[in-house]
Amino acid sequence: MAQAKDEITLGIGDREVVVTHPGKLLIAEARVTKLDLVNYYLAVAEGALRGAGGRPCVLVRYPNGIGEEFFFQKRAPAKRPDWLEVAEIRFPSGRTAEEVVPRHPADLAWMANLACLELHPHPVRAEDLDHPDELRVDLDPVPGVAWPQIRQVAGVVDEVLTELGLKGWPKTSGSRGIHVLVRIEPKWTFDEVRRAALALAREVERRAPRLATSAWWKEERQGVFVDYNQNAKDRTVTSAYSVRPKPDARVSAPVSWKELEACDPADFTLHTMPERFRKIGDPHAEIDAWRCSLEPLLELSRRQEAEGQGDAPWPPHYRKAAGEPRRAPPSTARQKKPLIEVARAEREAEAVAAAEAWKAKHPKAAAHLEPADVLVDRMRGSSSLWYRVRINLEHVPARLRPKSDKPK
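Residues numbered from 1 in each chain as written. Predicted model: local features only at pLDDT ≥ 70, side-chain atom pairs only at ≥ 80, totals over all residues. Heavy atoms only, no water.

*Asks:* Just give me the short version of helix α5 (residues 190-207), but keep the residues and values in it.
*Replies:* In an α-helix, one turn spans 3.6 residues, which is why side chains three or four residues apart end up on the same side. In this model α5 runs 26 Å from its N-terminal to its C-terminal C-alpha over 18 residues, within 8% of the 26 Å that 1.5 Å per residue would give. Along α5, the residues that are buried comprise F190, V193, R194, A196, A197, L198, A199, L200, A201, R202, E203 and V204. Packing partners of the buried residues in α5 comprise β11 (134-141), α4 (147-163), β14 (212-213), β15 (224-227) and α8 (295-306). (Helix = DSSP H or I, 4+ residues; strand = E, 2+ residues; numbered from the N terminus. Expected span 1.5 Å × (residues − 1). Buried < 20%, exposed > 50% of the residue type's maximum accessible area, 1.4 Å probe, protein only. Contact = heavy atoms within 4.5 Å.)

Take a look at the structure:
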């Protein structure tokens, strides 16, 4: 390790990575510095590369720490090491970008030096960008849903996959949800993988209608949303061992199905994961040995279509698909839901706090709300996120309904 000015040089295998401002705090509450982040990814590199290695990755950068602005960087920086691999991704818009493809621990260290906390890989390998080799099941709870219910829904996902001859590998998302990964043969298109994921989501909802939902529009959801659209082209999710922008430096942790029954997501942090990895290794160590067929899920999709269940809405910036239903929230139809927008925020925590502040301001109305009536919408721009807070007043008596607060 060499040191000069406010930087150090790490020798990683046959490569060198310069870490600038190694003492800069990225997660102040957990006292995580940039060098801590680099050392963390080196400690879990084998597992992190199993999840993100060989895949084009979006860089999610927090240059001044999680308390300040962050941004999504799809294009690899022009100034980069000669040994760093990139792959050209074509987006639904028709535009292209060269994205980083990590394959070596030094690549992870280089990304961490850019204050890239999270690993956001596409579900394809750099060698074949048109055929995903991973189906991703993202279990996203609505506000008010507790961890035990999310685990229950994950159990239903496992049940359906097992019955159909597929193997799912669970991990905590590092936030509130659970991801279940299914390695598949790289022979189906993005649209086919999404269709399979939609079929799975609908079957999970059919088996656990009070716990899970496949409804795309937030105002229709209750329980845990099985987000099939995470399998659409150009969508990424945080991969295994990613550090999340949380005050406790929580990470996305691969677990076994048995461990999932008792674990708490807060157990897995940047500080605790290296020792866990050293002791037990990677619970997903055998994931690449499983290449499942998508045909059972596609057959399930065909049966659902024969019963009248066609396509479901796509994200707004995708082309209109044949057979896709009306791409607008139900509240915009003739029978509108009484939705009011109460706040806008740059961060999810601020949006949640704004919703709680609204409920404190209007306690009589809040007493009638159900958990799914508080809608925190994630609004994605070209390189950033912001959050919109809406309240569904349909369960609130008309005489108690407040007028819309002007968003701040």
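*Asks:* Quick one: what's the story with a negative patch on the surface, residue by residue and with numbers?
*Replies:* The grouping of E68, E69, E346 and E350 at the surface amounts to a negative patch. By secondary structure assignment, the location of E69 is in the loop between β6 (57-61) and β7 (71-73). (Patch = residues over 30% accessible without salt bridge, like charges linked within 9 Å, V, L, I, M, F, W, Y side chains within 5 Å. Areas by Shrake-Rupley, 256 points an atom, 1.4 Å probe, with all protein chains shown as cover. Salt bridge = Lys/Arg side-chain N within 4 Å of Asp/Glu carboxyl O. Lys, Arg positive; Asp, Glu negative; His and termini not counted. Charge placed at Lys NZ, Arg CZ, Asp CG, Glu CD.)

*Asks:* I'd like to hear about the side chain of R244, residue by residue, with values.
*Replies:* Structurally, R244 can be placed in the loop between β15 and α6 (257-260). Of the residues examined, R244 reaches a relative accessible area of 12% and is grouped as buried. At a separation of 2.6 Å, a polar atom in the side chain of R244 contacts the side chain of E118. Among the polar contacts made by the side chain of R244, one reaches the main-chain carbonyl oxygen of S173 at a distance of 2.7 Å. With residues up to four places along the chain from it excluded, the contact list for R244 reads I27, L117, E118, S173, G174, S175, T238, A249 and R250. (Polar contact = N/O pair within 3.5 Å; in protein donor to acceptor, adjacent residues only side chain to side chain.)

*Asks:* Kindly report on the packing of helix α1 (residues 34-43) against helix α3 (residues 105-113), identifying the contributing residues and their values.
*Replies:* Interhelical geometry of α1 versus α3 gives an angle of 160° and a closest axis separation of 9 Å. Taken together, α1 and α3 sit at an angle that is classed as roughly antiparallel. The handedness of the crossing between α1 and α3 is right-handed. Residues K34, L37, V38, Y41 and L42 of α1 form the contact with α3, whose own contacting residues are P105, L108, A109, A112 and N113. Split into classes, the residues belonging to the contact of α1 with α3 amount to eight nonpolar, one polar and one charged. (Axes fitted to C-alpha atoms, helices over the stretch in contact; angles between N-to-C directions. Parallel < 35°, antiparallel > 145°, perpendicular 65-115°, else oblique. Left-handed = near helix turned anticlockwise from the far one by under 90°. Nonpolar A, V, L, I, M, F, W, Y, C, P; charged D, E, K, R; others polar.)

*Asks:* Give me the packing of aromatic side chains: which residues, what numbers.
*Replies:* Using the criterion set out here, one finds seven aromatic pairs in the structure. Three or more aromatic residues joined by ring pairs form one cluster here, namely Y62, F70 and F72. Taking NZ or CZ as reference, R221 lies 5.9 Å from the ring centre of W216, over its face. (Phe/Tyr/Trp six-rings, centres within 6.5 Å; stacked < 30°, edge-to-face > 60°. Lys NZ or Arg CZ within 6 Å of the ring centre and 35° of its normal.)

*Asks:* Could you give me a rundown of the layout of surface pockets, with the residues and numbers involved?
*Replies:* Looking at the second largest pocket, its volume works out to about 220 Å³. Every residue lining the second largest pocket is listed: E16, V17, V18, R61, P77, K79, R80, P81, W83, W110, N113 and L114. Within the residue set of the lining of the second largest pocket, elements represented by two or more residues are β3 (15-20) and α3. When residues of the lining of the second largest pocket are assigned to their parent elements, the largest contribution, three residues, is made by β3. (1 Å grid on protein atoms, 1.4 Å probe; cavity = no way out; pocket = protein on both sides within 12 Å on 5 of 7 lines; lining within 4 Å. Points joined across faces, edges and corners; volume = space filled by probe spheres on them.)

*Asks:* Can you tell me about the pairing of strand β9 (residues 96-101), naming the residues and giving the values?
*Replies:* Strand direction decides the pairing type here: strand β8 (residues 85-90) and β9, joined by six bridges, are antiparallel. Residue pairing across strands places A87 opposite E99, the latter belonging to β9. Where β8 hands over to β9, the hairpin turn is made up of five residues, of which G94 adopts a positive phi near 100°. (Pairing = 2+ DSSP bridges.)

*Asks:* Lay out the sheet that holds strand β12 (residues 169-172) with the relevant residues and their values.
*Replies:* Reading across from one edge, β12-β13-β11-β15-β14 is the order of the five strands in this open sheet, with mixed pairing throughout. With partners counted over all chains shown, the strands left at the sheet margins are β12 and β14, one partner each. Pairing of β14 with β15, which is carried by two bridges, proceeds in the parallel orientation. Within β15, the residue paired with T213 across the bridge is F225. Contacts from α4 reach β11, β12, β13 (178-183), β14 and β15 within the one sheet, and its direction differs from that of β13 by about 15°. The sheet contacts of α5 involve β11, β14 and β15, and relative to β11 the element is tilted by about 40°.

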